[in-house]
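Structure at a glance
Now for the letters of each chain:
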Amino acid sequence: MKPAKPASGASRLPLNQSAAGTPPRPGEDKGLDSHWDRRVKSGRLEPDLTLDLHGHTLDGAYERIMTALDQARAMGARVVLVVAGRERPVDPADRMTRRGAIRAKLLDWLAASRHAGAIGAIRRAHIRHGGEGALYLILKRQG
């Protein structure tokens, strides 16, 4: 028996990925409202905190992102810009030392972290903030 086609010809995506091809998001993301999406796409979003992970080891980058998210939540930040470089395929023989290793691990770290429930959405940054080499972490309102 053939599986039924999605209604109106729309393709079915995994629950953790949007049609725009954005990365999976930790927590129970219901998506951003149109106001947020317009600000992200147009580049009008201004980060409350910027974190550059270039030059860090995997362990150092993990500690740095967890500390930065602690700080962002303490100050009530809503948008954290994480610059980690472009994700590149990592050959297991490279033992994760190849360029792009931090970016390849970043989403897994966030999904498994103590901050997962506080992250409302993750979006690729606008080109003026780093494009494919950076992500916006949009934190949920505290309260």
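Look up a bit, the structure's there.
Scope of this entry: the structure provided in the associated data block. (Residues numbered from 1 in each chain as written. Predicted model: local features only at pLDDT ≥ 70, side-chain atom pairs only at ≥ 80, totals over all residues. Heavy atoms only, no water.)

Within the protein, the secondary structure is distributed over three helices and four strands. Moving toward the C terminus, one meets the helices and strands of the protein in the order α-β-α-β-α-β-β. Relative to all contacts within the protein whose residues are 6 or more apart in sequence, the contacts with residues 24 or more apart total 65%. Carbon together with sulfur atoms contributes 50% to the accessible area of the protein, which is approximately 9,000 Å² in total. (Helix = DSSP H or I, 4+ residues; strand = E, 2+ residues; numbered from the N terminus. Contact = heavy atoms within 4.5 Å. Areas by Shrake-Rupley, 256 points an atom, 1.4 Å probe, with all protein chains shown as cover.)

Looking now at the environment of Ala77. Mapped onto the secondary structure, Ala77 falls in the loop between helix H2 (58-74) and strand S2 (79-83). Distance in space between the C-alpha atoms of Ala77 and Gln142 is 9.5 Å, their sequence separation being 65 residues.

Counting buried residues along S2, five of its five residues qualify, which places the element largely inside the surrounding structure. Burial of the side chains of S2 extends over both faces: Val79, Leu81 and Val83 are buried on one face and Val80 and Val82 on the other. Direction of pairing for strand S1 (residues 49-52) relative to S2: parallel, over a ladder of four bridges. Note on S2: the bridge partner recorded for Asp52 is Val83. In the sheet, S2 pairs with strand S4 (residues 134-139) via five bridges, with the strands oriented antiparallel. Bridge pairing in S4 places Val83 opposite Ala134. (Buried < 20%, exposed > 50% of the residue type's maximum accessible area, 1.4 Å probe, protein only. Pairing = 2+ DSSP bridges.)

So, about the environment of His56. Here His56 lies in the loop between S1 and H2. Remark: the alpha-carbon pair of His56 and Ala84, spanning 28 residues in sequence, is separated by 9.6 Å. His56 has contacts with Ala61, Arg64 and Ile102, leaving out every residue within four places of it along the chain.

We now examine the nonpolar core. Membership of the largest hydrophobic core comes to 23 residues, with the highest contact counts inside it found for Leu53, Ile65, Val80, Val82, Leu106, Leu110 and Leu137. When residues in this core are grouped by element, the largest group, six residues, is from H2. Counting residues in hydrophobic clusters, the runner-up holds 11 residues, among them Trp36, Ala134, Tyr136 and Ile138. (Core = buried A, V, L, I, M, F, W, Y, C linked by side-chain atoms within 4.5 Å.)

Before going further, it helps to examine the pattern of salt bridges. Within the structure shown, the criterion is met by two salt bridges. Among the salt bridges present, the one from Arg128 reaches Glu46, with a minimum N-O distance of 2.5 Å. In this pair, Arg128 is assigned in the loop between strand S3 (119-124) and S4 and Glu46 in the loop between helix H1 (34-42) and S1, connecting sequence segments 82 residues apart. Residue Glu46 is classed as partly exposed on the basis of its relative accessible area, which comes to 43%. A salt bridge links Arg114 to Asp70, with the nearest nitrogen and oxygen atoms 2.7 Å apart. Of the two residues, Arg114 sits in the loop between helix H3 (101-112) and S3 while Asp70 sits in helix H2, which places them 44 residues apart along the sequence. Judged by its relative accessible area of 35%, Asp70 is partly exposed. (Salt bridge = Lys/Arg side-chain N within 4 Å of Asp/Glu carboxyl O.)

Read these as layout, nothing more, since geometry by itself doesn't imply function.
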